[in-house]
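# A structural walkthrough
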Amino acid sequence: MFTSEGKVKPHYRTLHNTIRSFDREELKLKHEQAQASFLRQGITFTLYQDNLSTERTMPFDFIPIIISSEDWVEIERGIEQRIKGLNAFLEDIYGEERIIKEGIIPEYLIKDNPYYIEHLKGFPFPLTNHIFLAGIDLIRDDRGEYRVLEDNLRNPSGLSYMYQNRFVMRHVYPEFFKEHTLYKIEQQLDPLRQTLMDYSSRKKSAVAVLLTPGVFNSAYYDHVFLAQQMGIQLVEGSDLVVKGESVYMRTIHGLRQVDVIYRRIDDDYLDPEQFRSDSLLGVKGLYRAASAGNVAIVNAMGNGVADDKALYAFVPDIIRYYLNEEPILKNVDTYSLRKPSMRKWVLERLDQLVIKNVGSSGGYDMLIGPHSTREKLNLFREKIIENPEQYIAQPTIKLSRAPAFQDNQFYPCHVDLRVYAMSGKKVRVIPGGLSRVALKKGSLVVNSSQGGGGKDTWVLKKGVRV
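Here we summarise the structure given alongside this text. (Residues numbered from 1 in each chain as written. Predicted model: local features only at pLDDT ≥ 70, side-chain atom pairs only at ≥ 80, totals over all residues. Heavy atoms only, no water.)

Here we come to the layout of surface pockets. Quantified by volume, the second largest pocket comes out at close to 700 Å³. In terms of lining, the second largest pocket is formed by 32 residues, of which the most central are M1, K9, R140, S400 and R401. Broken down by secondary-structure element, the contributors of at least two residues to the lining of the second largest pocket are β3 (60–67), β4 (133–140), β18 (401–406) and β19 (409–423). Among the elements that line the lining of the second largest pocket, the one with the most residues is β19, at seven residues. (1 Å grid on protein atoms, 1.4 Å probe; cavity = no way out; pocket = protein on both sides within 12 Å on 5 of 7 lines; lining within 4 Å. Points joined across faces, edges and corners; volume = space filled by probe spheres on them. Helix = DSSP H or I, 4+ residues; strand = E, 2+ residues; numbered from the N terminus.)

So this is what it looks like as structure tokens:
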């Protein structure tokens, strides 16, 4: 919100003046109303810890992140470019493997990747497109430059929280919206459904469903919201059956053919006939029906190889190779620990770096060196020595911070931004995103499972009054 000299940035001035017009008691009351609104609507996530699950409301902070129209143009172009490059990569590695044969990416990074599915080679992916919905995590460094922190191409969650953050803000803080001209994210739900239906081979009477693991999944609220808003059925594996080489949904009127499945189940559990035989979540024969071209599964199977943290360092090369363009959005510098010389360099600087498990998410199995104890540093030293290919290292970036109002006081918190893009016949980037905030003072971890929360994200249109 402020420059390094302590002046309010131009696109935050109107909001800053409005906040100053409230006294502390009014702000406290509005904060409590916002949290209560999340509780009443059942906007929750499930936290798993020590073999126990706890359902919690998403922590919310009312001070929005505001993105200027000029910054948004760069973000939108960069995300669109990244999606096109990653999709070309997925099409290639499950096809001709040109990028491997020409030595751009080491073969082991793909063939040894646990998310690579060998028998998908030559699979008929609808639209030759693998990414229906992507969640790209961005940060701003100490120079104010946006960088990509992570790509999420399997089952990115949190889209419902982005919409509900805006709903709660409009309800509890209507004063904030009077003098701002914003992109309305509510208008993006119809395009989301249209993009989903792009994958259907039957253009008339096509049926799409959202396949969920069920009520005990941590993102179940996300599944319910998206199914409702897109006007499609929310189903579990037991609601679907494969007959011949087509998929049908059980209804009170009999079986109805399904054309598109937006799945929120991991690859391994999709089809007990093809993957894990002990899976009770998927549909027997689903892979067979998809390979016959009778049903589209989105996001596509096998996407995990493209958002693996070990491959992340090669995404700029992927963009250059397939698109013949320089990346618009840069990566965070990333070091592979496979080479002994690099591993030695990293082990000597563990207290200065961030270490991530390439297969983990949600802030788990991660070391933030400058904030860690000696015991944790020693533990990660042993993990890296024992299994170096399982970890990557990154510099500890000075993440940008934004004001938060918690416990009846203002203080600065680190933030990142998950931007969502939908891809069918064309790529659309949803204006805004889910701003995630590390509400614990001094924390760098924004994940809700680690005590983080959410903020509304505004993208200003040109000509905004400030």
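That shown, we press on.
Moving on: the packing of aromatic side chains. Applying the stated criterion across every chain yields a total of 21 aromatic pairs. Ring centres of F132 and Y262 lie 5.2 Å apart, and the angle between their planes is 75°; on these two criteria the pair is classed as edge-to-face. Note that F132 is positioned in the loop between α5 (107–111) and β4 and Y262 in strand β11 (residues 260–263), a separation of 130 residues in sequence. Owing to a relative accessible area of 3%, Y262 belongs among the buried residues under this scheme. By way of ring pairs, the aromatic residues F22, F62, Y173, F176, F405 and F410 are connected into one cluster. The side chain of R154 reaches across the aromatic face of Y115, ending 4.2 Å from its centre. Taking the ring centre of F380 as reference, the NZ or CZ of K383 above it sits at 4.6 Å. (Phe/Tyr/Trp six-rings, centres within 6.5 Å; stacked < 30°, edge-to-face > 60°. Buried < 20%, exposed > 50% of the residue type's maximum accessible area, 1.4 Å probe, protein only. Lys NZ or Arg CZ within 6 Å of the ring centre and 35° of its normal.)

Backbone phi values are negative for most residues with the exception of glycine, while trans is the configuration of most peptide bonds. Going from V298 to N299, the amide bond is cis rather than trans, its omega being -15°. Of note, N299 is situated in the loop between β12 (296–298) and α10 (309–312). You will see that N324, though not glycine, has its phi angle at about 55°, which is positive. Among the structural elements, N324 can be located in the loop between α11 (315–323) and β13 (330–331). Taking the relative accessible area as the measure of exposure, N324 reaches 71% and is therefore exposed.

Turning our attention to the pairing of strand β21 (residues 434–437). Along β21, one buried face is formed by L434 and R436 and the opposite face, lined by S435 and V437, is buried too. In this sheet, strand β22 (residues 453–459) lies alongside β21 in antiparallel orientation, the contact comprising three bridges. Within β22, the residue paired with V437 across the bridge is G453. (Pairing = 2+ DSSP bridges.)

Turning to the pattern of salt bridges, a few remarks are in order. Inspection of the entire model under this criterion finds 30 salt bridges. Its salt-bridge partner being E145, residue R143 comes within 3.9 Å of it at the nearest N-O pair. Close ionic contact of R320 with E326 constitutes a salt bridge, the shortest N to O distance being 3.1 Å. On the accessibility criterion, E326 (55% relative accessible area) is exposed. In this structure, a network of salt bridges that share partners links the residues D141, R143, E145, R147 and K330. (Salt bridge = Lys/Arg side-chain N within 4 Å of Asp/Glu carboxyl O.)

What follows deals with the side chain of K356. Its location among the elements puts K356 in strand β15 (residues 353–357). Put simply, K356 is tucked away with no salt bridge, and the nearest opposite charge, on E150, sits 4.7 Å away. At 3.1 Å, the side chain of K356 and the side chain of Q394 are in polar contact. With residues up to four places along the chain from it excluded, the contact list for K356 reads L149, K309, D365, M366, Q390, Y391, I392 and Q394. (Lys, Arg positive; Asp, Glu negative; His and termini not counted. Polar contact = N/O pair within 3.5 Å; in protein donor to acceptor, adjacent residues only side chain to side chain. Contact = heavy atoms within 4.5 Å.)

On to the sheet that holds β12, then. Sheet architecture is open: four strands sit in the order β7-β6-β11-β12, paired in parallel fashion. Looking at which strands have only one partner, the edges of the open sheet turn out to be β7 (233–235) and β12. Adjacent strand axes in the sheet meet at a mean angle of 25° when their direction is disregarded. Sheet analysis places strand β6 (residues 208–211) next to β7, joined by three bridges and oriented parallel. Within the sheet, the bridge partner assigned to V209 lies in β7 and is Q233. Sheet strands touched by helix α8 (residues 220–230): β6, β7 and β11. Its angle to β7, the strand with the most contacts, is close to 150°. (Axes fitted to C-alpha atoms, helices over the stretch in contact; angles between N-to-C directions.)

Quick look at the sheet that holds strand β14 (residues 335–336) now. The sheet built from four strands is open, its strands ordered β14-β17-β15-β16 with antiparallel pairing. Bordering the open sheet on either side are β14 and β16 (366–368), each of which pairs with just one other strand. In this sheet, strand β17 (residues 391–395) lies alongside β14 in antiparallel orientation, the contact comprising two bridges. Looking across to β17, one finds that Y335 is bridged to A393. Strand contacts of helix α13 (residues 374–386): β15, β16 and β17, with the helix running at about 130° to β16, the strand carrying the most contacts.

Moving on, we come to a negative patch on the surface. Residues D23, E25, E26 and E32 make up a contiguous surface patch of negative charge. Checked against the element boundaries, E25 lands in helix α2 (residues 24–40). (Patch = residues over 30% accessible without salt bridge, like charges linked within 9 Å, V, L, I, M, F, W, Y side chains within 5 Å. Areas by Shrake-Rupley, 256 points an atom, 1.4 Å probe, with all protein chains shown as cover. Charge placed at Lys NZ, Arg CZ, Asp CG, Glu CD.)

If you look at the biggest cluster of nonpolar residues, it comprises 134 residues, and the most contacted ones within it are F62, I79, F89 and F176. Those residues within four positions of F89 in sequence are excluded, and the remaining contacts are I99, I105, I110, V305, A306, L311, I318 and Y322. (Core = buried A, V, L, I, M, F, W, Y, C linked by side-chain atoms within 4.5 Å.)

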